[in-house]
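# Reading the structure
Below are the chains, spelled out letter by letter.
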Amino acid sequence: MVVWSPFRFNSGREMANRFAIAPLTTDSSHEDGTATKNELEFVRRRAASGFGATISSAAYVEQDGRSWQGIGATHEGHLCSLQRLAEAMRTAGGLAILQIYDGGRIAKPELIGEQCLHAPSAVASLRPGAKTPRAMTANEVGSLIASFREAASLARKAGFDGVEIHGANHYAVHQFFSPRANHRVDNWGGTLSKRMNFPLAVAQAVRDALGPKLITGLALRVPRRCAAVAELARAPSEFLSSVLAITVRLVLTSRHPMFIWWGPELIQFYNDAYRETMGPERHPSALGARGRGCWDEIWDIIGPQIDYVMAGNGATWHEDQLVPVTRHGRRENVWWTYSFGPIDFEGKVGGVLVVCRDVTSEHMAREALNLINEELKHRVKNTLTVLGAVATQTFRDISSKADLEKYQGRLAAFGRAQDLLTAANWAAAPLQDVISTALIPYRTDNGRFTVSGPPLIVKSRQALALSLAIHELATNALKYGALSVAGGHVSITWTSEDQEGEPKFVFVWREFGGPPASEPAAVGFGSRLISRVLQDDFGGSVEVKYGSPVRTVERTRRARSRSEPRVSRRR
Ligand SMILES: Cc1cc2nc3c(=O)[nH]c(=O)nc-3n(C[C@H](O)[C@H](O)[C@H](O)COP(=O)(O)O)c2cc1C
């Protein structure tokens, strides 16, 4: 088999077989970057199995670039340690390759001091607790390249067969070609080809130091995301020219969770924001995977929705939908608000773009609020019942019957307004609903009331005050006003307009066809409520006019200004 056959590099060095031991740092070197005895013993044992090559754990090329306490290759003082390492790696005759690295923004602050963190740009890594590095100057970039050259030269002197530059796993070389970590606008950043300038300059420097007879290697890890893009773009020309390229770019640059299913196999692609919602078990295996296999557990929910979109029926929209998924090791109830939209491709639907949001916390908060609301409603009801019972007991005397009825009526009006506000979560209620709820007991006959005005929302305090006021006005109208005779009726109107740049709300209660009204001799609770409570809660003025045949209560409010309340009464 070919894997057992030798492999000859261009430099002339030869591996006895095609197996190489992957680099594995043990974080156990001396503080000065020299290898410990145990470390060398470990390397010796690993190399003893006869691999074609062994790659060392990564050696730092600058003190300030250490990401762990490993071996160093920064100066002649490291030479002896490097020689021992090369010798241990050759235990069974395999090639000895020294890997070299700089930590950049993911160097360990505890080892180097936070202020020494350097990187292509001042952008913190996404790792939890990551510190923001200092952006390297052009001079520093040049001197880091020189440090790589110096490390390679030490490797040559120590007898290694070659050097591998660690350009993967988010270390400095990787940071330079990552668009997320590198925001530079000079020769070392910008387009992909400019972002590759640093890795290539390092490779050239290392090659210069090693010469043509030793191996120069550059380890790059293609992120899964790139692999998935490649998968999505089986035919590169098709991909590059297509709407898919734009969609993928849109998904990648967005911070909103987004996901793509592409082609008949529903090959998957998603952005970082979406990854956050998946839980650790599904990422990265979901990238580039087929949709059906990945989401089997919820296919009965999402399968028909995907089919609907792929069949060309247009987009779907799902609000606060329960789609339980397995994440963090257990099946979780997760509520989502999402849309599946078609990605049109050459006249057909090529895939599905998912824009979604995990709304579980909002859903739970709403459920908790509903629960509290129900409890509150229950308690208010109980309190009102108790108040009613206490009043019945207190005013048992037959002479108090009229007052008792009045009190019970007000309590009931209050109770109905509370119900309305409970339904609206105590924040606000539509004015139309406030009025119709307050009028429920008086709507004995259609046509007795005409109610009209633009849609408006009133705050909870205003809703309560207005409900009580309407109750007073309606009771009064029933006893003495328009509702006390067969032909009378009440008109309720309101307007809301800007006047002199301020919103002004005018609410008018007018009675027609009732007996002539005259100003009452004494001011009772009802009158006080209308004039004072309304005035306060609406921040405006009240006007009551008495006279025949119209009975009017006018409420005005300047919504934003509570100054100059005006009260006048006409009847
Ligand atoms: C403890 C530990 C230390 C590692 N040190 C290095 C390292 O110094 N350099 C490097 O390129 N990779 C390093 N790796 C990555 C491994 O070489 C290897 O690529 C990784 O474990 C994934 O294995 P796989 O490629 O077989 O999937 C390390 C991995 C582990 C778990």
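Preceding this paragraph is the structure being described.
Residues numbered from 1 in each chain as written. Predicted model: local features only at pLDDT ≥ 70, side-chain atom pairs only at ≥ 80, totals over all residues. Heavy atoms only, no water.

### Looking at the pairing of strand β11 (residues 258–262)
Consecutive side chains of a regular strand alternate in pointing toward one face of the sheet and then the other. Along β11, 5 of the 5 residues are buried, which leaves the element largely enclosed by surrounding structure. A two-sided burial pattern is seen for β11, the buried positions comprising Met258, Ile260 and Trp262 on one face and Phe259 and Trp261 on the other. Of the pairings in the sheet, the one linking β11 to strand β17 (residues 348–358) comprises 5 bridges and is antiparallel in character. Note that in β17 the partner of Trp262 across the bridge is Gly351. (Buried < 20%, exposed > 50% of the residue type's maximum accessible area, 1.4 Å probe, protein only. Helix = DSSP H or I, 4+ residues; strand = E, 2+ residues; numbered from the N terminus. Pairing = 2+ DSSP bridges.)

### Notes on the sheet that holds strand β12 (residues 267–270)
The strand order β12-β11-β17-β16-β13 describes an open sheet built from 5 strands, whose pairing is antiparallel. The open sheet has two edge strands with one neighbour each: β12 and β13 (316–322). Taking each pair of neighbouring strands and ignoring which way they run, the sheet shows an average axis angle of 20 degrees. Most of the contacts of helix α10 (residues 243–253) go to β11, to which it runs at about 155 degrees, and overall it touches β11, β12, β16 (335–345) and β17. (Axes fitted to C-alpha atoms, helices over the stretch in contact; angles between N-to-C directions. Contact = heavy atoms within 4.5 Å.)

### Some details on a nonpolar patch on the surface
Taken together, Trp4, Phe19 and Phe51 make up a surface patch of nonpolar side chains, about 310 Å² in accessible area. Tracing the sequence through the fold places Trp4 in the segment before β1 (7–8). Residue class for Trp4 comes out exposed when judged on its relative accessible area of 55%. (Patch = residues over 30% accessible without salt bridge, like charges linked within 9 Å, V, L, I, M, F, W, Y side chains within 5 Å. Areas by Shrake-Rupley, 256 points an atom, 1.4 Å probe, with all protein chains shown as cover. Salt bridge = Lys/Arg side-chain N within 4 Å of Asp/Glu carboxyl O.)

### Here's the deal with the pattern of salt bridges
For the coordinates displayed, the defined rule picks out 20 salt bridges. Linking Lys157 and Glu76 is a salt bridge whose minimum nitrogen-to-oxygen distance equals 2.8 Å. Taken together, the residues Lys157 in helix α4 (residues 138–158) and Glu76 in the loop between β5 (59–60) and α2 (79–89) connect sequence positions 81 residues apart. The class of Lys157 is partly exposed, set by a relative accessible area of 39%. In this structure, a network of salt bridges that share partners links the residues Arg180, Asp272, Arg275 and Glu276.

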